[in-house]
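Here is what each chain is made of, one letter per residue.
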Amino acid sequence: MKVLRAEFGGELARARRTLQQIRAGLFAGTMPEMTLLVHRLRAAGVEAVAARPSAAD
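Residues numbered from 1 in each chain as written. Predicted model: local features only at pLDDT ≥ 70, side-chain atom pairs only at ≥ 80, totals over all residues. Heavy atoms only, no water.

Caption draft 1: Geometry of helix H2 (residues 12-24). If you check H2, its first and last C-alpha atoms are 18 Å apart, about what 13 residues at 1.5 Å a residue would give, namely 18 Å. The positive-phi residue at the C-terminal boundary of H2 is Gly25, with phi of around 75 degrees. (Helix = DSSP H or I, 4+ residues; strand = E, 2+ residues; numbered from the N terminus. Expected span 1.5 Å × (residues − 1).)

Below you can see the structure in the form of structure tokens.
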């Protein structure tokens, strides 16, 4: 939560919504943005992976 609050503006409610989106696989951004977020989460001891969405068949 601390990383998310630092990255997305400090509001606890916003950080909680962002976390819910991440867990649901609904949070998206550019690969460089997601890579930076993953790096910061890992630095805080959180396991994280950035992945590209699979193409629809």
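Caption draft 2: View of the confidence of the model for the protein chain. Per-residue pLDDT for the protein chain has a mean of 87; in total, 95% of the residues score no lower than 70. Per-residue pLDDT, averaged within each element of the protein chain, yields its smallest value for helix H1 (residues 2-8) (88) and its largest for helix H3 (residues 31-43) (93). (pLDDT = per-residue confidence, 0-100.)

Caption draft 3: Local environment of the pattern of salt bridges. Applying the stated criterion across every chain yields a total of one salt bridge. Glu7 is the salt-bridge partner of Arg40, the closest N and O atoms lying 2.4 Å from each other. Here Glu7 lies in helix H1 and Arg40 lies in helix H3, a separation of 33 residues in the sequence. By relative accessible area, Glu7 is classed as partly exposed at 28%. (Salt bridge = Lys/Arg side-chain N within 4 Å of Asp/Glu carboxyl O. Buried < 20%, exposed > 50% of the residue type's maximum accessible area, 1.4 Å probe, protein only.)

Caption draft 4: Spotlight on the nonpolar core. Counting seven residues, the largest nonpolar core is built from Val3, Leu4, Ala15, Leu37, Val38, Leu41 and Ala48. Of all elements in the fold, only H1 and H3 reach the threshold of two or more residues within this core. Apart from residues lying up to four places away in sequence, Leu4 is in contact with Ala15, Thr18, Leu19, Ile22 and Leu37. (Core = buried A, V, L, I, M, F, W, Y, C linked by side-chain atoms within 4.5 Å. Contact = heavy atoms within 4.5 Å.)

Caption draft 5: Region of interest: the environment of Glu7. Considering only alpha carbons, one finds Glu7 and Leu37, 30 residues apart in sequence, at a separation of 7.9 Å. Excluding anything up to four places from it in sequence, Glu7 contacts Leu37 and Arg40.

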